[in-house]
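An overview of the molecular structure
Letter by letter, the chains look like this.
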Amino acid sequence: MTFAILTHGGAASPKALSDGCETAANAARAVLQAGGDALAAALAATVVLEDDERFNAGTGSNLRLDGRVIEMDASIMTGDGRFGAVTGLERVKNPILVAAKVRETPHLLIAGAGATAFARRLGFSDYDPTTDRARAKYNRAIAELRGEGDGAYADDAAVWKDIAIEKVWNFSGPVLGTQGAAVDTKSRIRPPGDEGCDTVGAVIRDNNGGFAATASTGGTLYMLRGRVGDSPLMGCGVYAGPKGAVAATGIGEEIVRRFLSKTVYDWLADGMTAQAAAARAVALFPNEVDVGLLVVGEEDHAIAANRDMAAFASVG
Ligand code: GLY
């Protein structure tokens with residue numbers, strides 16, 4: 001059987017960042033060529049994407065609404081049905097590797113302080129994933145929320161316009177807009193091409209017909225503490241089985257509502273091609289909702305999105 005490696009940098013990530021996805025795919029390919037399986041290849045690709053600070057996962061993850069907290073989500077599923085995930089993980093370099101360790105336990109998902117303690121117990125050292133790029137993105141996003149933005153994040157901000165943030169604020173620090181330097185809009189830099197990076201992910205079919213799918217993310221642009229999207233939820237951000245693997249990216253709440261990755265997997269299992277399943281999946285979403293997918297089946301593969309999306313396919 002031929003192998004297939006698909007990687008992505010998130011729905012709405014600029015295609016110009018596809019070089020990062022190619023580097024990730026090459027890492028996965030090297031693993032397969034050395035005899036590694038889909039699981040090992042998916043992890044190798046995802047680590048590269050998490051380490052690329054241009055993407056919103058691992059190093060470079062989005063800051064939450066307080067401008068200080070970073071909580072990361074990641075998951076991995078393999079074709080044998082085994083799944084592992086973390087949510088609300090803090091101060092770890094590669095969340096996908098912690099998710100892979102959860103997959104080796106009887107649990108599916110470990111959350112928050114428990115996830116971070118689990119990581120530490122397994123030797124994952126303390127690491128601050130905050131970058132200047134993420135701070136700049138945060139400042140620019142907060143400016144939009146205050147009605148002083150440049151419009152790039154207007155759609156993301158719109159859903160918060162009618163919400164009294166002080167009533168739902170669950171951070172220990174002061175409410176948005178009263179904390180000085182962290183929301184200094186005058187220091188806004190505009191990182192080129194940084195409008196929409198979302199989740200990173202990979203799907204793999206190895207030469208033995210094994211499948212794996214991953215997702216890793218710093219979440220969306222405007223998040224309360226503890227907000228969980230699709231990426232760590234089985235059947236939402238990822239799904240894999242004997243017939244293929246699926247990884248989704250986009251607005252997590254909308255992906256969860258559609259149970260997207262499992263839905264697409266079921267179409268594959270019913271005999272639909274990856275190309276047809278991916279196109280049908282994107283069509284489930286209204287145009288204003290960002291969504292993207294990687295789909296690999298037994299015989300074909302597909303990359304689909306309703307926005308630009310950095311991605312790469314390597315098939316052999
Ligand atoms: N798709 C990533 C998230 O919504 O958290």
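Residues numbered from 1 in each chain as written. Predicted model: local features only at pLDDT ≥ 70, side-chain atom pairs only at ≥ 80, totals over all residues. Heavy atoms only, no water.

Looking at the site of the ligand
- In the neighbourhood of the ligand, the contacting residues comprise Asp198, Thr199, Thr217, Gly219, Thr220, Arg227, Gly229, Asp230, Ser231, Gly250 and Gly252.
- Take Thr199: an N or O atom from its side chain is 3.0 Å from a nitrogen atom of the ligand.
- In the complex, 100% of the free accessible area of the ligand, which totals 200 Å², lies under the protein chains.
- Each residue belonging to the shell around the ligand can be placed in one class, and the counts come to no nonpolar, eight polar and three charged. (Near = heavy atom within 4 Å. Polar contact = N/O pair within 3.5 Å; in protein donor to acceptor, adjacent residues only side chain to side chain. Areas by Shrake-Rupley, 256 points an atom, 1.4 Å probe, with all protein chains shown as cover. Nonpolar A, V, L, I, M, F, W, Y, C, P; charged D, E, K, R; others polar.)

What about helix 10 (residues 274–282)?
- Of the positions making up helix 10, those classed as buried are Ala274, Ala277, Ala278, Ala281 and Val282. Across the axial projection of helix 10, the buried residues extend over an arc of 130°, all falling on one side.
- Tucked into the core, helix 10 has its buried residues touching helix 9 (260–269), strand 9 (291–297) and strand 10 (301–305). (Buried < 20%, exposed > 50% of the residue type's maximum accessible area, 1.4 Å probe, protein only. Helix = DSSP H or I, 4+ residues; strand = E, 2+ residues; numbered from the N terminus. Arc of directions from axis to C-beta. Contact = heavy atoms within 4.5 Å.)

Observations regarding the sheet that holds strand 11 (residues 309–315)
- Reading across the sheet, the seven strands line up as 4-3-2-6-5-1-11 and stay open at both edges, with mixed pairing between neighbours. The outermost strands of the open sheet, each flanked by one partner alone, are strand 4 (109–111) and strand 11. Going across the sheet, the axis of each strand differs from the next one's by a mean of 5°, ignoring polarity.
- Here strand 1 (residues 4–11) pairs with strand 5 (residues 200–205) via five bridges, running antiparallel. Paired with Thr7 across the strands is Ala202, a residue of strand 5.
- Sheet contacts for helix 3 (residues 95–103): strand 2 (72–78), strand 3 (83–89), strand 4 and strand 6 (211–217); angle to strand 3, the most-contacted strand, approximately 130°. (Pairing = 2+ DSSP bridges. Axes fitted to C-alpha atoms, helices over the stretch in contact; angles between N-to-C directions.)

Here we look at the packing of helix 2 (residues 38–51) against helix 3
- For the pair helix 2 and helix 3, the least separation of the axes is 8 Å and the interaxial angle reads 150°. As summarised for this structure, helix 2 and helix 3 are arranged roughly antiparallel, according to the angle between their axes. Residues Leu39, Leu43, Thr46, Val47 and Glu50 of helix 2 pack against Pro95, Ile96, Leu97, Ala100 and Arg103 of helix 3.
- Residues of the contact of helix 2 with helix 3, tallied by class, amount to seven nonpolar, one polar and two charged. (Parallel < 35°, antiparallel > 145°, perpendicular 65-115°, else oblique.)

Focus: the pattern of salt bridges
- Evaluation of the coordinates by the stated rule reveals 18 salt bridges.
- Of the charged contacts, one joins Lys243 and Glu298 as a salt bridge, the two residues approaching to 3.5 Å between their closest N and O atoms. Here Glu298 lies in the loop between strand 9 and strand 10 and Lys243 lies in the loop between strand 7 (238–241) and strand 8 (244–250), a separation of 55 residues in the sequence.
- The class of Glu298 is partly exposed, set by a relative accessible area of 35%.
- Put simply, Arg64, Glu71, Glu90 and Arg225 are held in one network by salt bridges that share partners. (Salt bridge = Lys/Arg side-chain N within 4 Å of Asp/Glu carboxyl O.)

Thoughts on the sheet that holds strand 10
- In spatial order, the strands read 7-8-9-10; together these four strands make up an open sheet with antiparallel pairing. Edge strands, defined here as strands with exactly one partner in the open sheet, are strand 7 and strand 10. Geometrically, the sheet is characterised by an average inter-axis angle of 5° between neighbouring strands, direction not taken into account.
- One ladder, built from seven bridges, connects strand 8 with strand 9; its direction is antiparallel.

Quick notes on the confidence of the model for the protein
- Taken as a whole, the protein shows an average pLDDT of 93; of its residues, 94% reach a score of 70 or greater.
- When the elements of the protein are averaged for pLDDT, helix 6 (residues 154–158) gives the smallest value, 85, and helix 3 the largest, 99.
- This model gives residues 178–190 a pLDDT under 50, and the stretch forms 32 contacts once residues within four places in sequence are excluded. (pLDDT = per-residue confidence, 0-100.)

Describing the packing of helix 3 against helix 4 (residues 112–121)
- Packing of helix 3 against helix 4 leaves a shortest axis separation of 10 Å and a crossing angle of 90°. Between helix 3 and helix 4, the angle falls in the class roughly perpendicular. Contacts between helix 3 and helix 4 involve Val98, Lys101 and Val102 on the former and, on the latter, Ala115, Phe118 and Ala119.
- Split by residue class, the contact of helix 3 with helix 4 holds five nonpolar, no polar and one charged.

Details of the pairing of strand 10
- The side-chain alternation of strand 10 yields one buried face, formed by Ala302 and Ala304, and one unburied face, formed by His301, Ile303 and Ala305.
- The pairing of strand 9 with strand 10 spans five bridges and is classified as antiparallel. Bridge pairing in strand 10 places Val296 opposite His301.
- Counted along the chain from strand 9 to the antiparallel partner strand 10, the turn is three residues long.

Considering the side chain of Thr130
- Among the secondary structure elements, Thr130 is positioned in the loop between helix 4 and helix 5 (132–145).
- Among the polar contacts listed, one links the side chain of Thr130 to the side chain of Asp128, at a separation of 2.6 Å.
- In contact with Thr130, not counting residues within four places along its chain, are Leu63, Ile70 and Arg135.

Description of the nonpolar core
- By size, the foremost hydrophobic cluster in this structure holds 39 residues, and its most contacted members are Phe55, Ile76, Val86, Val98 and Ile204.
- Mapped by element, the contributors of at least two residues to this core are helix 1 (18–33), helix 2, strand 2, strand 3, helix 3, helix 4 and strand 5.
- The greatest single-element share of this core, amounting to eight residues, is contributed by helix 2.
- The residues touching Val98, leaving out its near neighbours within four places in the chain, are Val86, Leu89, Val92, Ala115, Phe118, Ala119 and Phe124. (Core = buried A, V, L, I, M, F, W, Y, C linked by side-chain atoms within 4.5 Å.)

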